[in-house]
Amino acid sequence: MNLDNNIMPNHIAIIMDGNGRWAIKKGLPRSFGHKAGVDALKDIVKVCSDLGVKILTVYAFSTENWKRPKDEVGYLMKLLVEYMRREIEDLNANKVKIKILGDVELLPSATKEEILNAVDSTKNNDGLQFNIALNYGGRLEILNACKNIIDDLKTNKIQIDLLDEDMFGEYLYTGKDPEPDLIIRTSGERRLSNFLLWQGAYSELVFTDTLWPDFKRGNLIDAINEYQNRNRRFGNVK
Ligand code: FPP
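Small disclaimer: the values here were computed from a predicted structure and weren't measured. (Residues numbered from 1 in each chain as written. Predicted model: local features only at pLDDT ≥ 70, side-chain atom pairs only at ≥ 80, totals over all residues. Heavy atoms only, no water.)

Draft legend 1. Looking closely at the packing of helix α2 (residues 30-51) against helix α7 (residues 217-228). Running from amino to carboxyl end, α2 crosses α7 at an angle of 50°, the nearest separation of the two axes being 10 Å. Judged on the interaxial angle alone, α7 and α2 are oblique. Of the two possible hands of crossing, α2 and α7 adopt the one that is right-handed. Contact residues: Ile44, Val47, Cys48 and Leu51 in α2; Arg217, Leu220, Ile221 and Ile224 in α7. (Axes fitted to C-alpha atoms, helices over the stretch in contact; angles between N-to-C directions. Helix = DSSP H or I, 4+ residues; strand = E, 2+ residues; numbered from the N terminus. Parallel < 35°, antiparallel > 145°, perpendicular 65-115°, else oblique. Left-handed = near helix turned anticlockwise from the far one by under 90°. Contact = heavy atoms within 4.5 Å.)

This is the structure we're talking about:
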């Protein structure tokens with residue numbers, strides 16, 4: 001399938017859903033699904049780099065995911081450490097710059113350390129910006145932005161008259177990043193689950209039944225193709 005290079009999404013965000021179901025379908029423990037999910041992610045990062053996508057944001061762990069069984073949370077935290085250790089060389093070779101969206105302070109210390117290390121090690125790269133939403137929640141992000149804005153108002157760092165949507169956006173984890181053009185959710189679920197609530201106001205949403213571990217280059221191309229056939233009006237008329 002041919003993509004139109006003139007209307008490529010600059011920022012793609014993905015809710016990588018269905019790891020558990022992928023494993024169960026194969027009669028395997030859920031952890032195998034997460035491991036396969038990391039492999040799928042590794043490929044998609046490379047595909048986005050190759051396609052010249054500017055920003056890829058993935059939902060790796062939500063503020064609600066702490067409710068999962070302790071073993072599963074522990075395994076996900078361990079996978080993150082392994083991913084960073086194993087992939088950092090390739091990510092640097094592809095000039096990928098890692099940014100974290102979410103509160104890393106509450107992560108286990110080994111995970112936090114490895115992640116901050118990866119952020120630091122890739123900070124001067126000028127290729128794909130790879131945002132990993134970790135301990136991320138859209139409502140909490142907006143709430144924290146409000147608290148920080150109130151602090152800055154009290155100390156006269158900003159003036160209320162100048163507070164507009166752009167300035168508000170800069171208080172979010174995404175800072176000055178452009179909003180996602182396309183949000184993809186795999187596994188047949190059709191909701192945002194607290195992901196990029198502010199930033200996704202005008203994103204095109206693409207839902208696919210494919211489970212995340214099965215999501216390959218061709219699936220991403222299909223999603224971008226669907227995006228390219230949408231009519232984006234941003235509230236205007238055409
Ligand atoms: C959703 O599947 C997936 C997650 C909650 C975790 C996503 C994490 C990864 C793909 C790996 C870790 C990330 C990095 C950056 C190394 P689910 O468990 O909700 O699946 P289910 O809905 O079928 O149960």
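Now that the structure has been shown, we can carry on.
Draft legend 2. Representation of α7 within the structure. Relative to the 16 Å expected for 12 residues at 1.5 Å per residue, α7 spans 16 Å between its end C-alpha atoms, a close match to the ideal helical length. Among the residues of α7, Leu220, Ile221, Ala223, Ile224, Asn225, Tyr227 and Gln228 are the ones counted as buried. The elements touched by buried residues of α7 are β1 (11-15), α2, β5 (182-185) and β6 (204-207). (Expected span 1.5 Å × (residues − 1). Buried < 20%, exposed > 50% of the residue type's maximum accessible area, 1.4 Å probe, protein only.)

Draft legend 3. Quick peek at helix α5 (residues 138-154). The end-to-end C-alpha distance of α5 is 25 Å, a good match for the 24 Å that 17 residues give at a rise of 1.5 Å each. Contact partners of the buried residues in α5: β4 (129-136) and α6 (165-170). Within two residues after α5, Asn156 carries a phi angle of roughly 60°, on the positive side.

Draft legend 4. Structural view of the site of the ligand. Surrounding the ligand, one finds 17 residues, the nearest of these being Met16, Gly20, Arg21, Arg30 and Arg68. One nitrogen or oxygen atom from the main chain of Gly20 is found 3.0 Å from an oxygen atom belonging to the ligand. Contact distances for the ligand include 2.8 Å between an oxygen atom and a side-chain N or O atom of Arg68. Contact with the protein chains covers 92% of the free accessible surface of the ligand, which is 620 Å². Within the residue set of the shell around the ligand, elements represented by two or more residues are α1 (19-25), α2 and α3 (70-93). For the shell around the ligand, the element with the most residues is α2, which contributes 5 residues. Tallied by class, the residues present in the shell around the ligand amount to 7 nonpolar, 6 polar and 4 charged. (Near = heavy atom within 4 Å. Polar contact = N/O pair within 3.5 Å; in protein donor to acceptor, adjacent residues only side chain to side chain. Areas by Shrake-Rupley, 256 points an atom, 1.4 Å probe, with all protein chains shown as cover. Nonpolar A, V, L, I, M, F, W, Y, C, P; charged D, E, K, R; others polar.)

Draft legend 5. Representation of the packing of aromatic side chains within the structure. Per the counting criterion, the structure on display carries 8 aromatic pairs. Considering the side-chain rings of Tyr59 and Phe195, the 4.4 Å spacing of their centres and the 15° angle between planes classify their relative orientation as stacked. Residue Tyr59 is located in strand β2 (residues 55-62), and its partner Phe195 is located in the loop between β5 and β6; the two are separated by 136 residues in the primary sequence. You can call Tyr59 buried: its relative accessible area is 10%. Residues Tyr136 and Phe195 carry aromatic rings whose centres are separated by 6.1 Å and whose planes lie at 85° to one another, so their mutual orientation is edge-to-face. Note that Tyr136 is positioned in strand β4 and Phe195 in the loop between β5 and β6, a separation of 59 residues in sequence. Residue Tyr136 is classed as buried on the basis of its relative accessible area of 0%. (Phe/Tyr/Trp six-rings, centres within 6.5 Å; stacked < 30°, edge-to-face > 60°.)

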